[in-house]
Amino acid sequence: MRARLLARGEAAAARAVTAAVARIGEAAREGAAGVRGIRVESDDDSVTIEGRGLWRRRIEDARMRWLGAER
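My aim in this report is to walk through the structure given alongside it, one point at a time. (Residues numbered from 1 in each chain as written. Predicted model: local features only at pLDDT ≥ 70, side-chain atom pairs only at ≥ 80, totals over all residues. Heavy atoms only, no water.)

## Description of the overall build of the protein chain
Tallying secondary structure elements over the protein chain gives 2 helices and 2 strands in all. Starting at the N terminus and walking to the C terminus, you meet the elements of the protein chain as α-β-β-α. The C-alpha radius of gyration of the protein chain comes to 16 Å, more than 25% above the 11 Å expected for a compact globule of 71 residues. Dimensions of the protein chain, computed from the C-alpha atoms along their principal axes, are close to 55 × 20 × 15 Å. Put simply, the protein chain has 71 residues, and 21% of those count as buried. Element-wise, carbon and sulfur atoms account for 53% of the exposed surface of the protein chain, whose accessible area totals about 5,700 Å². Averaging the coordinates of the 15 positive side-chain charges in the protein chain and doing the same for the 11 negative ones gives two points 3 Å apart. (Helix = DSSP H or I, 4+ residues; strand = E, 2+ residues; numbered from the N terminus. Rg over C-alpha atoms; globule rule 2.2 N^0.38 Å. Buried < 20%, exposed > 50% of the residue type's maximum accessible area, 1.4 Å probe, protein only. Areas by Shrake-Rupley, 256 points an atom, 1.4 Å probe, with all protein chains shown as cover. Lys, Arg positive; Asp, Glu negative; His and termini not counted. Charge placed at Lys NZ, Arg CZ, Asp CG, Glu CD.)

## A few points about the side chain of Arg57
Residue position: Arg57 is located in helix α2 (residues 54-60). Residues within four places of Arg57 in sequence aside, it is in contact with Val35, Arg36, Gly37, Ile38, Arg52 and Met64. (Contact = heavy atoms within 4.5 Å.)

## Digging into helix α1 (residues 2-32)
Along its 31 residues, α1 runs 45 Å from first to last C-alpha, staying within 8% of the 45 Å computed at 1.5 Å per residue. For α1, every residue scored as buried is listed here: Val21, Gly25, Ala27, Ala28, Gly31 and Ala32. Buried-residue contacts for α1 involve β1 (39-42) and β2 (47-50). (Expected span 1.5 Å × (residues − 1).)

## As for the nonpolar core
Grouped together as the largest cluster of nonpolar side chains are 9 residues: Ala28, Ala32, Val35, Ile38, Val40, Leu54, Met64, Trp66 and Leu67. Contact partners of Ile38, with chain neighbours within four places excluded, come to Ala32, Ile49, Glu50, Leu54, Arg57 and Met64. (Core = buried A, V, L, I, M, F, W, Y, C linked by side-chain atoms within 4.5 Å.)

## Some remarks on the pattern of salt bridges
If you walk through the whole model with that rule in mind, you get 4 salt bridges. In this structure, Arg29 and Glu26 form a salt bridge, with 3.9 Å as the shortest nitrogen-oxygen distance. Here Glu26 and Arg29 lie together in helix α1, a separation of 3 residues that amounts to about one turn. For Arg29, a relative accessible area of 35% gives the class partly exposed. Taking relative accessible area as the criterion, Glu26 reaches 40% and is therefore assigned partly exposed. Between Arg39 and Glu50 there is a salt bridge, with the nearest N and O atoms lying 2.2 Å from each other. Here the residue Arg39 occupies a position in strand β1, and Glu50 occupies one in strand β2, the gap between them amounting to 11 residues. One network of salt bridges, with partners in common, ties together Arg39, Glu41 and Glu50. (Salt bridge = Lys/Arg side-chain N within 4 Å of Asp/Glu carboxyl O.)

Right under this line is the structure:
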């Protein structure tokens, strides 16, 4: 019984992580839509944002303020 309960909990957590990563990936794509030189990739368990000088550009360009902001 304990093993089944743990398995159900792990499955629920995995679904929640996948849904959260999908939301974060979509928000990152929307934020990067109008900015040149930024690439957003996501899979089931991670989101990667790549581009040259992202943090410097975040400070200088108001369109980049979404990067690193909490939602």
